[in-house]
Amino acid sequence: MNVAKKIIFQHLLSGRMEIGHEIGLKVDQTLTQDATGTMAYLHFEAMGVQKVKTKLSVSYVDHNTLQSGFENAEDHRFLQTIAAKYGIIFSPAGNGICHQIHLERFGVPGMTLIGSDSHTPTCGGMGMLAFGTGGLDVACAMAGQPFYITMPKIVKVNLKGRLRDWVSAKDIILELLKLQSVKGGRGKIYEFSGEGVKTLSITERATITNMGTELGAITSIFPSDDVTKNFLEKQGRGTSWIKIEPEENTTYDEEIGIDLNTLEPLIAAPHIPDNIKKVKDLKDVKVDQVGIGSCTNSSLADMLLTAEVLKGKKINKNVSVFILPGSRQVLAMLSYSDALFNIIESGVRVLESACGPCIGMGQSPRSGAVSLRTFNRNFEGRSGTEDAQVYLCSPEVALAAALTGKITDPMKYFNKKPLIEMPKKIFIDDAHFQLPPADNSEVEVIRGSNIKSLNEFTPLDNNLCAKIVLKVGDNISTDHILPAGAKILPLRSNLPAISEYTFAAIDKNFVTRAKSTPDGVIVAGENYGQGSSREHAALAPRYLGIKIVLAKSFAGIHLANLINFSILPLTFDNFQDYNEIKLDDEVNFDNIRDIIKENESIIYTKISNIKIKVNCSLTQRQKNIIFAGGLLNWIKKTTN
Ligand code: MIC
Ligand code: SF4
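Here's what I pulled together on the structure shown here. (Residues numbered from 1 in each chain as written. Chains lettered and ligands numbered in written order. Predicted model: local features only at pLDDT ≥ 70, side-chain atom pairs only at ≥ 80, totals over all residues. Heavy atoms only, no water.)

**With respect to the overall build of the protein chain**
Filter applied, for reference: Per the convention used, a helix needs a DSSP run of H or I reaching at least four residues, while a strand needs a run of E reaching at least two, with both numbered from the N terminus. Each radius of gyration reported is based on C-alpha atoms, and the globular scaling rule is 2.2 Å times the count of residues to the power 0.38. Accessible area is worked out with a 1.4 Å probe on protein chains only. A residue is then buried under 20% of its type maximum, exposed over 50%, and partly exposed in between. The contact criterion used is simple: two residues touch if any of their non-hydrogen atoms lie within 4.5 Å. Here, Shrake-Rupley sampling with a 1.4 Å probe gives the accessible areas, and only protein chains in the shown set may cover a residue. When charges are counted, Lys and Arg contribute as positive and Asp and Glu as negative, whereas His and the chain ends are disregarded. By convention, the charge on Lys lies at NZ, on Arg at CZ, on Asp at CG and on Glu at CD.
Counting its secondary structure elements, the protein chain contains 23 helices and 26 strands. Computed over the C-alpha atoms, the radius of gyration of the protein chain is 24 Å, within 12% of the 26 Å expected from 2.2 N^0.38 for a compact globule of 640 residues. Out of the 640 residues in the protein chain, the part that is buried amounts to 62%. If you take every contact in the protein chain between residues at least 6 apart in sequence, the share linking residues at least 24 apart comes to 77%. For the protein chain, the exposed surface amounts to about 23,200 Å²; the carbon and sulfur share of it is 48%. Side chains of the protein chain carry 70 positive and 69 negative charges; the gap between the two charge centres is 2 Å.

**Let's talk about the site of ligand 2**
The condition is simple: Whether a residue is near a molecule or strand is decided by its heavy atoms; if any one of them lies within 4 Å of it, the residue is near. In this classification, Asp, Glu, Lys and Arg are treated as charged, Ala, Val, Leu, Ile, Met, Phe, Trp, Tyr, Cys and Pro as nonpolar, and every other residue, Gly included, as polar.
Neighbouring ligand 2 are His63, His99, Asp117, His119, Ser294, Cys295, Cys355, Cys358, Ile359, Asn376 and Arg382. Here the residues of the shell around ligand 2 sort into four nonpolar, five polar and two charged.

**A short note on the site of ligand 1**
Selection rule: Polar contact is defined as a pair of N or O atoms within 3.5 Å, subject to the rule that within protein one atom must be able to donate a hydrogen and the other to accept it, and that residues adjacent in sequence are counted only when both atoms are side-chain atoms.
In the region of ligand 1, 14 residues are neighbours, and Asp117, Ser118, Arg492, Ser533 and Arg534 sit closest. Ser533 places a main-chain nitrogen or oxygen 2.7 Å from an oxygen atom of ligand 1. Coverage of ligand 1 by the protein chains reaches 97% of its 330 Å² of free accessible surface. Here the residues of the shell around ligand 1 are counted per class, giving two nonpolar, seven polar and five charged.

**What to know about the sheet that holds strand β24 (residues 586-589)**
Defined as follows: Between any two strands, pairing holds if DSSP finds at least two bridges. Orientation is described by lines fitted to C-alpha atoms, with helices fitted over the stretch in contact, and by angles between N-to-C directions that extend from 0 to 180 degrees.
The mixed closed barrel is built from seven strands, whose spatial order is β20-β21-β22-β23-β26-β25-β24. Adjacent strand axes in the sheet meet at a mean angle of 40 degrees, parallel and antiparallel pairs treated alike. In this sheet, strand β21 (residues 520-524) lies alongside strand β20 (residues 464-471) in parallel orientation, the contact comprising four bridges. Its bridge partner being in β21, Leu470 is matched across the sheet by Ile522.

**Some details on the sheet that holds strand β1 (residues 12-14)**
Here we have three strands laid out as an open sheet, ordered β1-β2-β8, and antiparallel in their pairing. Whereas interior strands pair on both sides, the edge strands pair on one side only; in this sheet they are β1 and β8 (147-150). Sheet twist, expressed as the average angle between the axes of neighbouring strands with direction ignored, equals 45 degrees. Of the pairings in the sheet, the one linking β1 to strand β2 (residues 22-25) comprises two bridges and is antiparallel in character.

**Looking at the nonpolar core**
Definition in use: Within this scheme, the nonpolar core is defined by two criteria: the residues are buried Ala, Val, Leu, Ile, Met, Phe, Trp, Tyr or Cys, and they are joined through side-chain atoms within 4.5 Å.
In this structure, Met47, Phe510, Tyr528, Leu568 and Leu570 are the most contacted members of the largest nonpolar core, which totals 102 residues. The dominant element in this core, judged by the number of residues it contributes, is helix α5 (residues 135-142), at six residues. For Leu570, the contacting residues outside a window of four places in its chain are Ile548, Val549, Leu550, Ala551, Phe554, Phe589, Ile603, Val614, Asn615 and Cys616. Core analysis: the next-biggest nonpolar cluster, separate from the first, contains 40 residues, Leu310, Ala398, Leu399 and Phe414 among them.

**Focus on helix α23 (residues 631-639)**
Inspection of α23 places Leu631, Leu632, Asn633 and Ile635 among the buried residues, and these make up the whole buried set. Residues of α23 that are buried sit in contact with α2 (34-46), α5, α19 (556-564) and α22 (620-628).

**Comments concerning the environment of Thr239**
Considering the arrangement of structural elements, one finds Thr239 in the loop between α8 (226-234) and β12 (254-259). For Thr239, a relative accessible area of 81% puts it in the exposed group. Spatially, the C-alpha atom of Thr239 lies 9.7 Å from that of Val108, the residues being 131 residues apart in sequence.

**Observations concerning the packing of α5 against α23**
Inclusion rule: Put simply, angles under 35 degrees are roughly parallel, angles over 145 are roughly antiparallel, angles from 65 to 115 are roughly perpendicular, and the rest are oblique.
Closest axis-to-axis distance for the α5/α23 pair is 11 Å, and the angle between their directions is 25 degrees. One finds that α5 runs roughly parallel with respect to α23. Along its contact with α5, which presents Leu136, Asp137 and Cys140, the element α23 presents Leu631, Leu632 and Ile635. Counted by class, the contact of α5 with α23 contains five nonpolar, no polar and one charged residues.

**Focus: the side chain of Asp62**
For clarity, the threshold we go by: What counts as a salt bridge is simple: a side-chain nitrogen of Lys or Arg found within 4 Å of a carboxyl oxygen of Asp or Glu.
With respect to the secondary-structure elements, Asp62 resides in the loop between β4 (56-60) and α3 (70-86). Of the side chains bearing the opposite charge, Arg492 lies closest to the buried Asp62, which forms no salt bridge; the N-O distance is 9.6 Å. At 2.6 Å, the side chain of Asp62 and the side chain of His63 are in polar contact.

**Observations regarding the side chain of Arg373**
Along the chain, Arg373 falls in strand β18 (residues 370-373). Nearest to the buried, unbridged Arg373 among oppositely charged side chains is Asp479, at 11 Å. There is a polar contact of 2.9 Å between the side chain of Arg373 and the side chain of Gln289. When near neighbours in sequence (up to four residues on either side) are disregarded, Arg373 contacts Gln289, Gly291, Pro357, Gln363, Pro365, Ser383, Val390, Tyr391, Leu392 and Cys393.

**Re the packing of helix α7 (residues 202-211) against α8**
In contact at an axis separation of 9 Å, α7 and α8 are set at 110 degrees when each is read in the N-to-C sense. Comparing the axis directions of α7 and α8 gives the class roughly perpendicular. Where α7 approaches α8, its residues Ile202, Thr203 and Arg205 are matched on the opposing element by Val227, Thr228 and Phe231. Considering only residue class, the contact of α7 with α8 consists of three nonpolar, two polar and one charged.

**Here we look at the pattern of salt bridges**
The tally for this structure, following the rule as stated, stands at 29 salt bridges. For Asp479, the salt bridge goes to Arg382, with nearest N and O atoms at 2.9 Å. A residue pair is termed long-range when its members are at least 10 positions apart, and Asp479 in helix α14 (residues 478-481) and Arg382 in the loop between β18 and β19 (389-392) qualify at 97 residues. On the accessibility criterion, Asp479 (7% relative accessible area) is buried. On the basis of relative accessibility, which here comes to 10%, the residue Arg382 falls in the buried class. A salt bridge links Glu396 to Lys417; the nearest nitrogen and oxygen atoms lie 2.8 Å apart. Residue Glu396 is located in helix α12 (residues 395-404), and its partner Lys417 is located in the loop between α13 (410-413) and β20; the two are separated by 21 residues in the primary sequence.

In structure tokens form, the structure reads like this:
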């Protein structure tokens with residue numbers, strides 16, 4: 001077996017390991033972050049379980065750390081107290097980004113991890129099988145339920161050779177995005193293999209598995225080898241290491257080769273992570289802002305490189321440069337040496353260890369600005385500035401631009417790459433993780449006024465006389481469906497309030513139209529719901545009355561979220577039919593429950609007098625959830 005199959009096999013609770021079959025997996029660890037965590041814990045509470053049943057669950061605060069009103073601080077307090085109540089480790093604001101910390105302090109090779117954040121596969125860099133999901137799925141896992149996926153194809157990514165100076169792990173994942181596109185990874189796990197693997201450190205591997213999410217992949221994984229062992233030993237966790245490598249001559253469902261020797265610095269141009277260009281082809285594009293950080297590139301190695309390159313130099317006066325060290329540990333290590341001094345003296349702005357600008361929490365560039373970021377997403381408006389031109393690149397490319405003020409090929413601009421000596425000893429201080437008390441009887445969960453109670457949804461009706469309330473194109477991201485940013489993120493635990501921003505950047509009248517239509521249908525192109533795991537992108541439309549999304553195809557995590565909140569996902573049998581549908585068209589679904597129940601996957605419907613064939617490819621478990629009015633109702637029904 002290969003690495004992915006070995007771990008699946010060891011965690012298999014139900015189903016057959018055959019491509020396309022639904023399998024249920026045992027979950028060892030969970031993580032949440034604050035923006036999705038509040039809902040996740042409200043779901044968990046509603047399940048009536050006394051304590052989490054996982055080996056380890058951690059609640060991180062890293063997204064909503066810009067506290068410009070009372071809401072975020074109140075949510076943090078709720079998260080702190082509910083973690084203590086239910087046996088969850090709490091990581092307060094200031095500790096850093098969930099994925100970076102989980103890699104450093106908690107991840108264990110060979111275990112399964114699910115997290116209410118789409119970049120949870122970061123820990124795949126250390127040989128964990130890690131999945132990003134909606135908060136409700138994490139709540140279920142904490143309650144001891146299996147995590148369900150469709151058995152994916154396992155794709156071998158064969159890394160040959162070694163990266164040249166100024167080419168980095170980020171370029172490997174950008175190359176893969178060029179080859180596979182943002183929808184190429186659906187239904188797949190990417191497993192990295194080949195002689196190039198051992199040349200990559202754990203944080204470089206984590207950069208790759210982190211951004212594997214942008215391929216639409218179920219997850220990505222590296223073997224656990226001696227490099228993993230050294231990493232864990234340095235973190236004082238050598239006993240967590242186990243070796244997991246593919247068996248000799250194991251087979252894969254597909255194979256892709258990447259030659260590291262010939263790879264060049266790459267960049268994802270606006271506004272989608274697979275719009276890949278060679279950096280050398282974009283020279284002379286003026287740059288206004290540079291950001292180094294995010295869960296993709298905020299490791300100690302990334303920061304030490306930044307410090308070394310900027311040592312004794314000043315950044316270009318027309319560029320605003322900021323860094324976000326990924327964790328308290330990274331920041332502490334920088335302050336141990338001259339590194340932080342070198343960074344500060346170069347003119348760089350040092351921000352707190354958090355997601356920050358990656359999710360539009362501050363540092364929004366000026367209108368029309370070019371911003372080079374070492375992040376993983378560049379969807380329109382995500383930076384907080386609608387017309388900003390955001391490019392995604394490696395720290396190497398970002399640093400060259402920080403000095404020259406324009407997009408610059410680091411291979412041409414710099415001389416030999418400085419050797420970054422990683423410190424022999426890492427400063428470890430777990431004092432800032434709050435462990436839950438053994439006896440939780442005295443713990444009171446404190447709910448601020450920003451925490452609203454959950455909404456109950458009704459089961460799907462048998463006959464729907466619905467209306468098309470929105471028609472959108474391909475690759476609609478969850479950032480389009482429900483934007484983030486400093487203004488909207490604080491409303492994550494307040495569904496009525498956050499719903500007002502649904503599709504705000506696409507159609508200002510959507511909310512009014514949806515509210516006045518009892519059964520709304522959204523029509524979409526391919527890869528609907530790509531990007532984040534935020535279940536609010538399903539919850540808010542459901543709250544506004546959306547019952548069906550009819551698309552050419554869906555992104556994986558969002559599809560699961562739609563089902564969890566009882567929005568029926570249907571796909572066009574013939575893509576041409578998409579062109580025939582207009583806004584406000586009426587659409588009738590007669591006996592839809594009965595038809596689906598009868599195991600029919602084909603449904604005929606009439607939209608403005610045209611007969612259309614649509615597909616409903618749900619498993620029995622998923623149908624039950626839809627019929628019950630969502631996963632929470634289904635769990636209550638089956639466990640009481
Ligand atoms: C993101 O990068 O888009 C986020 C913000 O981390 C999301 C989670 C969220 O919306 O809260 C993700 O990636 O899942
Ligand atoms: Fe945070 Fe950005 Fe990573 Fe999402 S992608 S977890 S917002 S750093």
